[in-house]
Amino acid sequence: MSIRVALRRLVFGGAAFAAGTALAYIDDPEQLPFDLSNVAQKALQQLDAERAHNVAIWAAVHGLLPIEKRADPPKLRTTIWGKHFSNPIGLAAGFDKDAQALEGLLGLGFGFVEIGSVTPLPQPGNDQPRAFRLPELKAVINRYGFNSQGLDVVRANLIAYRRSQLHRPANQPGPGPGLVGVNLGKNKLSEDAAADYCLGVSKLAPYADYLVINVSSPNTPGLRALQSRKELEKLVKKVKATRDGMPWSAAGPPPLLVKIAPDITDADKSDIAAVALKLGIDGLIVSNTTICRPPAVAEHPEGQQTGGLSGAPLRDMSTEVLRDMYRLTKGKLPIIGVGGVSSGADAYAKIRAGASLVELYTSLVYEGPSLLRRMKKELTALLQRDGFASVHDAIGADHAIPRR
Ligand SMILES: Cc1cc2nc3c(=O)[nH]c(=O)nc-3n(C[C@H](O)[C@H](O)[C@H](O)COP(=O)(O)O)c2cc1C
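Cut-offs applied
- Residues numbered from 1 in each chain as written.
- Predicted model: local features only at pLDDT ≥ 70, side-chain atom pairs only at ≥ 80, totals over all residues.
- Heavy atoms only, no water.
- Pairing = 2+ DSSP bridges.
- Helix = DSSP H or I, 4+ residues; strand = E, 2+ residues; numbered from the N terminus.
- Axes fitted to C-alpha atoms, helices over the stretch in contact; angles between N-to-C directions.
- Contact = heavy atoms within 4.5 Å.
- UniProt positions renumbered as here; feature names shortened; annotations may be inferred.
- Buried < 20%, exposed > 50% of the residue type's maximum accessible area, 1.4 Å probe, protein only.
- Polar contact = N/O pair within 3.5 Å; in protein donor to acceptor, adjacent residues only side chain to side chain.

Caption draft 1: Summary view of the sheet that holds strand S4 (residues 112-118). An order of S3-S4-S7-S8-S9-S10-S12-S13 is seen for the 8 strands of this closed barrel, with the pairing classed as parallel. Each strand of the sheet is rotated relative to its neighbour by a mean of 25°, with strand direction disregarded. When strand S7 (residues 179-184) meets strand S8 (residues 210-214), the two strands line up parallel, connected through 4 bridges. Looking at S8, one finds that Asn 183 is bridged to Val 212. Across the sheet, helix H7 (residues 229-244) is in contact with S8 and strand S9 (256-260); its angle to S9 comes to roughly 150°.

Caption draft 2: Representation of the UniProt feature "domain: Dihydroorotate dehydrogenase catalytic" (unreviewed entry) in the chain in the model. Here the UniProt feature "domain: Dihydroorotate dehydrogenase catalytic" (unreviewed entry) sits at residues 76-383. For residues 76-383, the end-to-end C-alpha separation is 9 Å, with 36% helix and 18% strand making up the annotated structure.

Caption draft 3: A look at unusual backbone geometry. In the segment running from Gly 116 into Ser 117, the intervening peptide bond is cis, with an omega of 5°. Residue position: Ser 117 is located in strand S4. Of note, the bond from Val 286 into Ser 287 is cis; its omega dihedral lies within 30 degrees of zero at 20°. Tracing the sequence through the fold places Ser 287 in the loop between strand S10 (283-286) and helix H9 (295-298).

Caption draft 4: Summary view of the environment of Ser 202. Note that Ser 202 resides in helix H6 (residues 193-204). Classification of Ser 202 as partly exposed rests on a relative accessible area of 34%. Spatially, the C-alpha atoms of Ser 202 and Met 246 are 7.6 Å apart, while their sequence positions differ by 44 residues. Not counting chain neighbours up to four residues away, the residues in contact with Ser 202 comprise Thr 242 and Met 246. Polar side-chain contacts of Ser 202 include one of 3.1 Å to the backbone oxygen of Leu 199.

This is the structure:
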């Protein structure tokens, strides 16, 4: 081929490609900001994990993230605890620990965002570096150790967010206002864990759509021991009494959930289910990060870092714990499924195993904001394929237990 012919082909080919791309954006102009932010996300991966996270939060605070303007597919709407979620996909705890970036993060199209874990007093967490990417495995290991600005700062941020929503135009395009869960932790040096969680409830419950007692972070010494039957029962009784002793409108208090680890024995699972049913816990979150190191992770250069493992290697493990907890609680409790969700199929598998809602964190780090659009499309198609009219109809579909 002569140079002239090659050049001509290059110019015509390039022009056709540019025209095709432009046409695609004319068809869906809202896609461009998502694609651009995906490119930015990839660039952020050149920074160390914590710095990249801080830049992402900064971008969310400053309105630099794309905004989802499409309404969610009606099949994805769901109602749990009398609360309306425009889609069942939420952002898991740990991303916006201090509730700084709610508007930007909900604007991405999440059905809900869980802030925290928040500790009563501000604390710095563990020394840096404390977050490590394992990109080949789509995983992260973190040992942040509850770095938190504390209840007072988070309370002020939640109040500011709630106020901003009062002025939200009713006909604003997009999925809807989105709900906010509040995940509570304890200070590292506190000797009375229950007092810390109760303080969290008394200060933040009025601004929460749901509350979470997080007893499953691997990075706070002794925390996971609170999952044992005796400790959990004592803790939940006190926290519930605090919540129920507060003045509430007719709508009542926010539901109280417990977030558990994936590294628990069958006996632990039965104990947690028994406590949940006996004390009327409103739901479970399954699961936090794992301290296990599957072989592929163990062989990775960063695989032996101390901390909790999240992302793809956690996915099936956390889904199996979720399946067990659904069975043991006889489908009576809403469960939020979290761990390694990065596609509509992953979300659907958790819903069929018993999740009423799902959450993700690590896949957002690798895939960027357009992940949500893809997941919603895939999940809707899977529900359609299997003849489910809504997400609700698919909850626990893998089990013989009749649904709630
Ligand atoms: C960097 C990082 C920080 C986290 N911090 C918290 C936290 O403060 N509280 C909590 O309950 N879970 C925390 N998690 C756990 C996530 O909420 C989630 O349970 C876990 O990462 C599994 O989901 P994923 O595989 O989609 O990331 C954190 C996870 C990561 C990766």
